[in-house]
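# Inside the fold
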Amino acid sequence: MTEKVNVVVVGAGQAGLATSYHLTQAGVDHVVLEAGRVAETWRSRRWDSFCLVTPNWSVQLPGATYSGAEPDGFMPRDELVDYIQRWADGFKAPVKEGCAVTSLDQDGGGFTLRTDMGDIDARTVVVATGGYQRAHLPRGASEMPAGLTQLLAEEYRNPAAVPEGAVLIVGSGQTGCQLAEELHESGRRVILACGRCIWAPRRMGGHDLVWWLTETGFADRTLADLPSPAARLLGNPQASGHGGGHDLHYRTLKELGVELVGRFEGVDDSKVHFGEFDAAVAGGDALAAVLKKWIDALCEKRGLAIPWELPPPMHLDARRELDLDREGVGVVIWTTGFRPAYDWVHSPVFDDMGFPVQTDGRSAVSGLYFMGVHFQRKSRSATLYGVQEDAQLVAEHIIENRK
Ligand SMILES: Cc1cc2nc3c(=O)[nH]c(=O)nc-3n(C[C@H](O)[C@H](O)[C@H](O)COP(=O)(O)OP(=O)(O)OC[C@H]3O[C@@H](n4cnc5c(N)ncnc54)[C@H](O)[C@@H]3O)c2cc1C
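Scope of this entry: the structure provided in the associated data block. (Residues numbered from 1 in each chain as written. Predicted model: local features only at pLDDT ≥ 70, side-chain atom pairs only at ≥ 80, totals over all residues. Heavy atoms only, no water.)

## A closer look at helix α4 (residues 174–185)
Where we set the bar: Helix and strand assignments follow DSSP, with helices taken as H or I runs no shorter than four residues and strands as E runs no shorter than two, numbered in order from the N terminus. Given the number of residues in a helix, its expected span is that number minus one, multiplied by 1.5 Å. Only protein chains enter the accessibility calculation, which uses a 1.4 Å probe; a residue whose area is less than 20% of its type maximum is buried, one above 50% is exposed, and one in between is partly exposed.
An ideal rise of 1.5 Å per residue puts 16 Å on 12 residues; α4 measures up with 17 Å between its terminal C-alpha atoms. Counting buried positions along α4 gives 9 out of 12 residues, so the element sits mostly inside the fold. Buried within α4 are the following residues: Gln174, Gly176, Cys177, Gln178, Leu179, Ala180, Glu181, Glu182 and Leu183. One or two positions beyond α4, positive phi appears at glycine 187, with a value near 100 degrees.

## Quick look at the pattern of salt bridges
For clarity, the cut-off: We count a salt bridge whenever a side-chain nitrogen from Lys or Arg sits within 4 Å of a carboxyl oxygen from Asp or Glu.
For the coordinates displayed, the defined rule picks out 22 salt bridges. Connected through salt bridges with shared partners, the residues Asp220, Asp360, Arg377, Lys378, Arg380, Glu389 and Asp390 form a single ionic network.

## Let's talk about the sheet that holds strand β10 (residues 149–152)
The line we're drawing: By this definition, two strands are paired if DSSP reports at least two bridges between them. Where helices are involved, their axes are fitted lines through C-alpha atoms of the stretch in contact, as for all axes, and angles between N-to-C directions lie from 0 to 180°. Residue contacts are defined here by distance: any two heavy atoms, one from each residue, within 4.5 Å place the two residues in contact.
A sheet is described by the order of its strands in space; here 5 strands give the open sequence β10-β19-β11-β12-β15, paired in parallel fashion. Edge positions in the open sheet fall to β10 and β15 (259–261), since each of these has one partner strand only. In this sheet, neighbouring strand axes are inclined to one another by 20 degrees on average, regardless of whether the strands run parallel or antiparallel. The pairing of strand β12 (residues 190–193) with β15 spans 3 bridges and is parallel. Across the sheet, leucine 192 pairs through a bridge with leucine 260, a residue of β15. Against the sheet, α4 contacts β11 (166–170), β12 and β19 (329–334), and its axis sits at roughly 170 degrees relative to β12.

## As for the site of the ligand
Quick note on the threshold: Throughout this document, a residue counts as near a molecule or strand when at least one of its heavy atoms sits within 4 Å of that molecule or strand. What qualifies as a polar contact is a pair of N or O atoms within 3.5 Å, subject to a donor-acceptor requirement within protein and to the restriction that residues adjacent in sequence count only when both atoms come from side chains. Calculation of accessible area relied on Shrake-Rupley with a 1.4 Å probe; when residues are assessed, cover is drawn exclusively from the protein chains displayed. Just so you know the grouping, Ala, Val, Leu, Ile, Met, Phe, Trp, Tyr, Cys and Pro go in nonpolar, Asp, Glu, Lys and Arg go in charged, and all remaining residues, Gly too, go in polar.
In the vicinity of the ligand lie 31 residues, with Glu34, Thr41, Val53, Thr54 and Leu384 positioned nearest. A distance of 3.0 Å separates an oxygen atom of the ligand from a polar atom in the side chain of glutamine 14. Within the complex, 89% of the 980 Å² of free accessible area of the ligand lies under protein. For the shell around the ligand, the secondary structure elements donating two or more residues are α1 (14–25), β2 (30–34) and α2 (40–44). In terms of residues, the shell around the ligand owes the most to one element, α2, which gives 3 residues. Taken together, the residues that form the shell around the ligand break down as 17 nonpolar, 11 polar and 3 charged.

## Remarks on α1
When the terminal C-alpha atoms of α1 are compared, their 16 Å separation across 12 residues agrees well with the 16 Å that a helix rising 1.5 Å per residue should span. The buried count for α1 comes to 10 of 12 residues, which makes it a mostly enclosed element. Taken together, the buried positions of α1 are Gln14, Ala15, Gly16, Leu17, Ala18, Thr19, Ser20, Tyr21, His22 and Leu23. Positive backbone phi, at 70 degrees, marks glycine 27, one or two positions downstream of α1.

## Examining the packing of α1 against helix α3 (residues 77–90)
Convention followed: Just so you know how the angles are binned, under 35 degrees is roughly parallel, over 145 roughly antiparallel, 65 to 115 roughly perpendicular, and the rest oblique. The crossing is said to be left-handed when, going from far helix to near helix, the turn is anticlockwise and less than a right angle, and right-handed when the turn is clockwise.
Between α1 and α3, whose axes approach to 10 Å, the crossing angle comes to 25 degrees. It follows that α1 is roughly parallel to α3 by the angle criterion. Note that α1 runs across α3; the crossing there is left-handed. Judged by residue contacts, Gln14, Leu17, Ala18 and Tyr21 of α1 engage Ile84, Trp87 and Ala88 from α3. Here the residues of the contact of α1 with α3 sort into 6 nonpolar, 1 polar and no charged.

## Some thoughts on empty space enclosed by the protein
Our working rule: Cavities and pockets are defined on a 1 Å grid built over the protein atoms alone: a cavity is a set of grid points where a 1.4 Å probe fits but cannot escape, while a pocket is an open set with protein on both sides within 12 Å along at least five of seven lines, and lining residues are those with an atom within 4 Å of any such point. Grid points are joined across faces, edges and corners, and a volume is the space filled by probe spheres set on the points.
Within this structure, the stated rule accounts for 1 cavity of 30 Å³ or more. The space that makes up the largest cavity amounts to roughly 40 Å³. Taken together, Gly130, Gly131, Gln133, Arg339, Pro340, Tyr342, Phe355, Val373 and His374 make up the full set of residues lining the largest cavity. Taken together, the residues of the lining of the largest cavity break down into 4 nonpolar, 4 polar and 1 charged.

## Overview of the packing of aromatic side chains
Where we set the bar: Each aromatic pair joins two rings of Phe, Tyr and Trp (for Trp, the six-membered one) with centres within 6.5 Å, and gets the label stacked for planes under 30 degrees apart, edge-to-face for over 60, and tilted for any other angle. Only when the NZ of Lys or the CZ of Arg is both within 6 Å of the ring centre and within 35 degrees of the ring normal is a charge said to sit over the ring.
Throughout the structure, instances matching the rule amount to 14 aromatic pairs. Summarising the aromatic geometry, the rings of tryptophan 199 and tryptophan 308 are spaced 5.5 Å apart at their centres and angled 75 degrees between planes, so their arrangement reads as edge-to-face. Of this pair, tryptophan 199 sits in the loop between β12 and β13 (203–204) while tryptophan 308 sits in the loop between α7 (277–302) and β18 (321–323), and the two are 109 residues apart along the sequence. A single burial state applies to tryptophan 199 and to tryptophan 308, both of which are buried. Geometrically, the ring pair formed by phenylalanine 218 and tryptophan 294 is edge-to-face, given 5.8 Å between the ring centres and 85 degrees between the ring planes. Remark: tryptophan 294 occurs in helix α7 and phenylalanine 218 occurs in the loop between α5 (209–216) and α6 (250–256); sequence separation between them is 76 residues. Note on phenylalanine 218: relative accessible area 7%, which makes it buried. In this structure, arginine 46 is placed above the aromatic ring of tryptophan 42, and the distance from its NZ or CZ to the ring centre is 4.8 Å.

Quick look at the structure:
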């Protein structure tokens, strides 16, 4: 028997739930299909000590803006999961958990969703299956020696669960830096392969980094503001929310004693090759300089003191080759970003990088919407402080279309 539903939202993370919140407020009959449980990605794809990189005040979910005692704190994983669960329970989000959608096809004027609980026909579908879907591995990653333990960032739990030996972390965005710091502090020898990553101080001029990202408009940049569509794959500024929040970038990691090397370039036998470290750090500094321009412009406009000067270029005599056997490397952790994974959505609405082509969440196929896409409308779209306005627009359009 095929179930018939008016509106289906796929995914009960913040993007799907924010859409559901607005639909619920407007009395629109809908169901949210979730493969796991509410907030599944935060539950099962984050490490044990994970905490937000953005401060609690930036949790601005519709109907659930953070109003707790620690606005400047950084919620640990389990607290965030409870927060999202309470929010969903609070507005009675109609979530069907344990219901993975395996395909979505256009069917006449509507859609058929194949799920592991049976087929569903819907007039309108909102795909909200995550901004960071499939872990991306760099070219050459598959040549790693057989038998060497390899983990994706989402599989890492804690230092004790990592096999013995030195740890090579490939990828130096927020996650790679945080895992490097945690493993180093647990007494492990860590080698971090570094790319071109934007960074900034955690606090500047008495404000958190995220305050500057939002106040300057940096978080409101659209895809059209970027030098190329591929630029949306660059990460968010390196920083950490651990221990109340602190700076965490190449210069702080070097101070700590983490070994930094250049970009992963490939492996032959047990030898891993890296690019020049100085090129990676210079690339990151160039991205930081772009952010600084936004900060300086805001300061000029508001008559504020410039809160941050870029340090002199960083130079390291970093090695270009690592013999995994000789150096006793027991595990490689890949923290090299994500790519979209919408292969189950059978509609020609994706660009050549696999991102949905949409305007304010609406695709070219009538009734097919997306939520939580990185740079859906703005740089902040796939964050806890950006999802609200996107969800409202998608819900408004669905409601308008029903009339
Ligand atoms: C490591 C990391 C740290 C981050 N830290 C922060 C931070 O500190 N602050 C911040 O603002 N943002 C942060 N983000 C960005 C963003 O807030 C998260 O990625 C967030 O999870 C995105 O929410 P979402 O609802 O779009 O996707 P998700 O939370 O991934 O939710 C998607 C849901 O869809 C379900 N699903 C997927 N496929 C199907 C299917 N076929 N059928 C049914 N269900 C399906 C999944 O199980 C999941 O529950 C971080 C991202 C990453 C990767």
